[in-house]
Amino acid sequence: MHIAFRFFATLTLFAIPAALADVFPSTYAPVPAPPVLFQNATVLTGDGSRLDNTNLYIRDGRIEWIGEGSAAPDATVVNAKGKWITPGLIDVHSHLGVYPSPGVAAHSDGNEATAPVTAEVWAEHSVWPQDPGFTRALAGGVTAMQILPGSANLFGGRGVTLKNVPSVSYQGMKFPGAPHGLKMACGENPKRVYGNRNQAPSTRMGNVAAYRSAWIKAQRYLDDWDRYEQATVEGASKSGEDATSMASALLTTTPPKRDLELETLAGALRGDILVHMHCYRADEMLTILDMAKEFGYRVGTFHHGVEAYKIAEQLADEGVCGALWADWWGFKIEAYDGIQENIALVDRPEGGCAIVHSDSDEGIQRLNQEAAKAMLRGNRAGLDIPPERAIRWITSNAAKSLGIDDQTGTLKPGLMADVVVWNQNPFSVYAKALQVYVDGSLTYEQGNPDLNPQSDFELGQLMGVAQ
Amino acid sequence: MRPLVLLAVLLLGNMTALAESILITNATLLERGASVDTYDILIADGVIEQVTQGLAGAAVDIAIDAEGRPVTSAFFAGITALGLNEIGMVYDTVDSRLQDLYTGLIHPEFDVRDAFNPYSSAIPVTRVEGFGYTLLAAAPGDRPLSGQGSLVRLDGGFSSFEGKPVMFVNVDGAAGNKLGGSRGASWMLLNAIFDELAVPNKDLKLMTPQGKTALAEAKKRGVFIFRAHRASDIVRALTFAAEQNIQAVISGGQEAWMIRQQLAAAGVPVVINALDNLPGSFDALGARLDNAALLHEAGVTVLFTSGETHNARKVRQVAGNSVAYGLPYDAAIAAMTTLPARLFGGEERTLASGSRADLVIWSGDPLDVSSAADTVIIGGQIDNMQSRQTYLMQRYLPEEPDKARAYITPR
């Protein structure tokens, strides 16, 4: 297959140097913490298992063992009898930092709504790390999240995956080694934003034409770099043989001009950047899957997918995740067919990858409650969804969507010790995260003022009355 | 079928369309606190006849064994635009706000009830989740006073309105800024229109004579809901309400806890979204999860709204979270059932003989996201628990349907 070849060849031999270079690199380092032994908890492992009355041991920022094993004598012991333990929750769709609280215009940096294709922008360059929303999400058990650009544009730019730790910079939060996302958008938003300016796209067919034109440019860009790489490899061995090859070597060994927009799109074509596609309607999602075949890339996750339940089988067959809301509908006509069973129905087929996402600074604080609502609707529709299955929607499936499932999202030995201790079964309005560990470090503890991080913004507000 | 019922009501005036008697046995009545006893509820002609024990076996048309499940009055869906907003961004289906009207006047007579559509798909979607009534709001437009609404039952009636006229007033920072650069502009104009109540019609500058009549009526027997978050704005609203001698309610109220003693002293209730815990604006720097608990403890009546119309059903979760953060359970149940009806002058909504038979049998704790409404009874009629959404679900639930899905028409 041409596509398979391209994927293999570019990944292993010819890569765009600038794209591989780690720019704006993560400076996050886990906070060193003593080992912790959690005893007698009800554990939802994140990958479908429930273990009752079970011990869990974390050390050096990693899950060491679950069930049986030895613990260091100086390990902190947490009596988790009657408590539930889950992996840290992961939100694949957040605008924290790019549409922060308070919602002032000068901080609304989530949509570069000046052109329909802005693949060149990176959400991380808009993130305000002092958004108090990060700390609230932490109190809700969220340990990692993807910050995405908005959906005004067809190609909105790159998303970034962050660890939910307090920091003065996004670099200090950046999830080490996590791939970038590419935010794309279907439907009403791009065509409304640009159509209202008498500019393309103003229709859904205009949307698709503009995506395809951009992909064609990206393919040529990728080809130019491939040719250049080939030429520099071959040129090194052949140079000086004759005048013609000297000339051609000079021509082909001049690197193509870097283009930030096409660099992102080429990264998506190569599979280095994961495609996150905002898309509500079933028919549009199928159009997008056909387009992905035309250009040989993979759609990783459809976001919002209010009609995903209509094509749950196709999504499972293609291995595409659906990042969905539990109950949002009706705020626009492409959201008119929303049903509360959407998540459960996308989860149903073999290989289905359902995710509960928030897209909301309120929802991200209560992903467990959102998942509970979706679980309830699935069960009332006759599907059998126990907690250990539903927890995947906000842990391992989300990690898979972000390409970090080999690092977090599951309580497996060797993975990051991103752990939440809940006061009870988390699928309830009364559930609260008692403790949240990020890489083994206790980052939040309910009711402990020393472990309730507060953003700079909130410090010293409302001091009108003499204290 | 509901349309037939409606037709019958239209044709026969006040005649009750169906005179079914319903007996619910073994119901746990949440409004009676922590009682472990169960009760039986007899309903006839749309009214609760008896709530007692030992009715099992009585001759009725329909008997339902609640098997200990909780039963409450049908819930209050909060302040919404149900029936005024079919699809948010399809603007010719949205009738909840007055904006860019050419007159330049303030229009207290603008009444969203004139635009109410009981056939909106959002109404059954909300009803099947255990909701029986809502407060129809005039949404914030570009005037300090948005207009009026009232309670409405979610029973499909064209004129199922109840209670007092409710005026919606916006005095938060965003409203003031739009109005004239300062929230002071809101108070300037509100003072001016209330002054015009004493002006002869021919000299009115800011209102029509109809507006003046509507404002006078609301002042005499209505309720004014002030949308405000910042403590100082709420205090200003309390002063205004005292000066004008009007019945006031605060909505939003994210900083209401800061001035809870004043609210309690003034007897002014607060309608909040208990999930608001972020400083979403500089008006809400004090937002916190235990707002409801603190207000209640100080003696302030707390009601809930979700800020949503299509997803108005989310207000159950809002109330549940307030309990998770310290509001007594009984207070949350009252806020979802009896209190809004009393505050806005609607029919009594308690499970007592003589009350409207608007009630719900829940699968479990109705304030938890792990439970749902099993049976909804509105006006003594058992709802079929169907909506556009349940139909869509049923169409797509079969994994291998024996016919194209377009031919699967749930009934």
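Residues numbered from 1 in each chain as written. Chains lettered and ligands numbered in written order. Predicted model: local features only at pLDDT ≥ 70, side-chain atom pairs only at ≥ 80, totals over all residues.

All right, on to the overall build of chain A then. Scanning chain A from terminus to terminus reveals 13 helices and 16 strands. Against the compact-globule benchmark of 23 Å for 467 residues, chain A has a radius of gyration of 23 Å, which places it among compact chains. In terms of overall dimensions, chain A has C-alpha extents of about 80 × 55 × 50 Å along its principal axes. The long-range share in chain A, meaning contacts at least 24 apart out of those at least 6 apart in sequence, stands at 71%. (Helix = DSSP H or I, 4+ residues; strand = E, 2+ residues; numbered from the N terminus. Rg over C-alpha atoms; globule rule 2.2 N^0.38 Å. Contact = placed C-beta atoms within 7 Å.)

What follows is about the overall build of chain B. From N to C terminus, chain B includes 12 helices and 16 strands. Expected size for 411 residues packed as a compact globule is a radius of gyration near 22 Å; at 22 Å, chain B falls within 12% of this value. Its C-alpha atoms put chain B at 65 × 45 × 45 Å along the principal axes. Taking all 411 residues of chain B together, 54% fall into the buried category. If you take every contact in chain B between residues at least 6 apart in sequence, the share linking residues at least 24 apart comes to 66%. (Buried ≥ 20, exposed ≤ 12 C-beta atoms within 10 Å, placed from the backbone.)

Our next topic: the interface of chain A and chain B. Each partner contributes to the interface: chain A provides 37 residues, whereas chain B provides 31 residues. Elements with a contribution of two residues or more to the side of chain A that touches chain B: α3 (132-139) and α11 (367-380) of chain A. Considering every element that reaches the side of chain A that touches chain B, the biggest residue donor is α11(A), with 5 residues. In terms of residue class, the side of chain A that touches chain B is built from 17 nonpolar, 8 polar and 12 charged. (Nonpolar A, V, L, I, M, F, W, Y, C, P; charged D, E, K, R; others polar.)

All names here are of chain B. Partitioning chain B into structural domains gives domain 1 (1-74 + 349-411) and domain 2 (75-347). The interface of domain 1 with domain 2 comprises 31 residues on the first partner and 26 residues on the second. In the side of domain 1 that touches domain 2, the residues fall into 14 nonpolar, 9 polar and 8 charged. (Domains from an automatic or database assignment.)

Let us look at unusual backbone geometry. Residue and element names in this part refer to chain A. Cis rather than trans, the peptide bond between S101 and P102 has omega equal to -10°. Residue position: P102 is located in the loop between β6 (89-94) and α3. A200 connects to P201 through a cis peptide bond whose omega is -5°. Mapped onto the elements, P201 comes out in the loop between α4 (188-195) and α5 (204-238). Positive phi, close to 60°, is recorded for N40, a residue that is not glycine. Here N40 shows up in strand β1 (residues 36-44). Backbone geometry places N53, a non-glycine residue, at a positive phi of 50°. Under the C-beta neighbour-count criterion, N53 is labelled exposed, with 11 such atoms within 10 Å.

Right, let's get into the sheet that holds strand β12 (residues 270-272) of chain B. Residue and element names in this part refer to chain B. Sheet architecture is open: 8 strands sit in the order β6-β7-β8-β9-β10-β11-β12-β13, paired in mixed fashion. Every interior strand has two partners, whereas the edge strands, β6 (75-80) and β13 (302-304), have only one. Going from strand to strand, the sheet's axes swing by 25° on average, the running direction of each strand aside. In the sheet, strand β11 (residues 247-252) pairs with β12 via 2 bridges, with the strands oriented parallel. In the strand pairing of β12, I250 is matched with V270. With respect to the sheet, helix α6 (residues 231-244) is in contact with β10 (223-228) and β11, its orientation differing from that of β10 by roughly 160°. (Pairing = 2+ DSSP bridges. Axes fitted to C-alpha atoms, helices over the stretch in contact; angles between N-to-C directions.)

Another point: the pairing of strand β10 (residues 274-279) of chain A. Residues and elements named next belong to chain A. With 6 of 6 residues buried, β10 is to be regarded as a mostly interior element. Burial along β10 is two-sided: L274, H276 and H278 facing one way and V275, M277 and C279 facing the other are all buried. Both strand β9 (residues 181-185) and β10 contribute to a ladder of 5 bridges, which runs parallel. Across the sheet, M184 pairs through a bridge with M277, a residue of β10. Regarding the hand of the β-α-β motif, the stretch spanning β10, helix α8 (residues 282-295) and strand β11 (residues 299-304) is right-handed. (Right-handed = clockwise from strand over helix to strand, strands pointing away.)

Moving on to the environment of B:Q317. Relative to the helices and strands, B:Q317 is located in helix α9 (residues 315-324). You can call B:Q317 buried: it has 25 C-beta atoms within 10 Å. Once the C-alpha coordinates of B:Q317 and B:N273 are considered, the two residues, 44 residues apart in sequence, prove to be 10.0 Å apart. When near neighbours in sequence (up to four residues on either side) are disregarded, B:Q317 contacts A:Q369, A:V429 and B:V369.

Moving on: helix α10 (residues 329-336) of chain B. Residue and element names in this part refer to chain B. The buried fraction of α10 is high, at 6 of 8 residues. All of the buried residues along α10 are A331, A332, I333, A334, A335 and M336. Elements in contact with the buried residues of α10: β5 (70-73), β6, α8 (291-297), β13, α9 and α11 (338-343).

This next bit is on the domain arrangement of chain A. Residue and element names in this part refer to chain A. Assigned domains within chain A: domain 1 (2-30 + 89-205 + 260-413) and domain 2 (209-252). With 16 residues of domain 1 at the contact, the number on the domain 2 side is 15 residues. Where the side of domain 1 that touches domain 2 is concerned, the elements lending two or more residues are α7 (260-270) and α8. Considering every element that reaches the side of domain 1 that touches domain 2, the biggest residue donor is α7, with 4 residues. Looking at side-chain class alone, the side of domain 1 that touches domain 2 contains 15 nonpolar, 1 polar and no charged residues.

Grouped together as the largest cluster of nonpolar side chains are 253 residues, with contacts concentrated most on A:I85, A:I355, A:V356, A:A371, B:I41, B:V71 and B:F304. A total of 8 residues in this core trace back to one element, the largest contributor, which is α5(A). Excluding anything up to four places from it in sequence, B:F304 contacts B:G78, B:V271, B:I272, B:A274, B:V315, B:V318, B:A319, B:S322, B:A335 and B:M336. (Core = buried A, V, L, I, M, F, W, Y, C linked by C-beta atoms within 7 Å.)

So, about the pairing of β6(B). All names here are of chain B. Within β6, 6 of the 6 residues are buried, which leaves the element mostly enclosed by the surrounding structure. When β6 meets strand β7 (residues 131-136), the two strands line up parallel, connected through 4 bridges. Pairing of T80 across the sheet is with L136, part of β7. The parallel pair β6 and β7, bridged by helix α2 (residues 122-127), forms a crossover whose chirality is right-handed.

Right, let's talk about the sheet that holds β11(A) for a bit. Residues and elements named next belong to chain A. Taken in spatial order, the 8 strands line up as β6-β7-β8-β9-β10-β11-β12-β13 in an open sheet, and their pairing is mixed. A single partner strand is all that each edge strand has here, and the edge strands are β6 and β13 (354-356). Taking the axes of each pair of neighbouring strands and ignoring which way they run, one obtains an average angle of 25° across the sheet. Bridging between β11 and strand β12 (residues 321-324) involves 4 bridges; their strand directions are parallel. Counted as the bridge partner of H303 is A323 from β12. α11 contacts β6, β7 (142-147) and β13 of the sheet and is inclined by roughly 130° relative to β13.

The next subject is the packing of helix α3 (residues 173-180) of chain B against helix α4 (residues 183-195) of chain B. Residues and elements named next belong to chain B. Here α3 crosses α4 at 75°, and the two axes come no closer than 6 Å. Relative to α4, the element α3 lies roughly perpendicular. Along the contact surface, α3 presents G173, A175, G176, L179 and G180, while α4 presents R183, G184, A185 and S186. Of the residues that constitute the contact of α3 with α4, the class distribution is 3 nonpolar, 5 polar and 1 charged. (Parallel < 35°, antiparallel > 145°, perpendicular 65-115°, else oblique.)

Let's shift gears to the environment of A:Y437. Residue and element names in this part refer to chain A. Relative to the helices and strands, Y437 is located in strand β15 (residues 433-438). With 25 C-beta atoms packed within 10 Å, Y437 lands in the buried category. Each C-alpha atom, one on Y437 and one on T253, is 50 Å from the other, the two residues being 184 residues apart in sequence.

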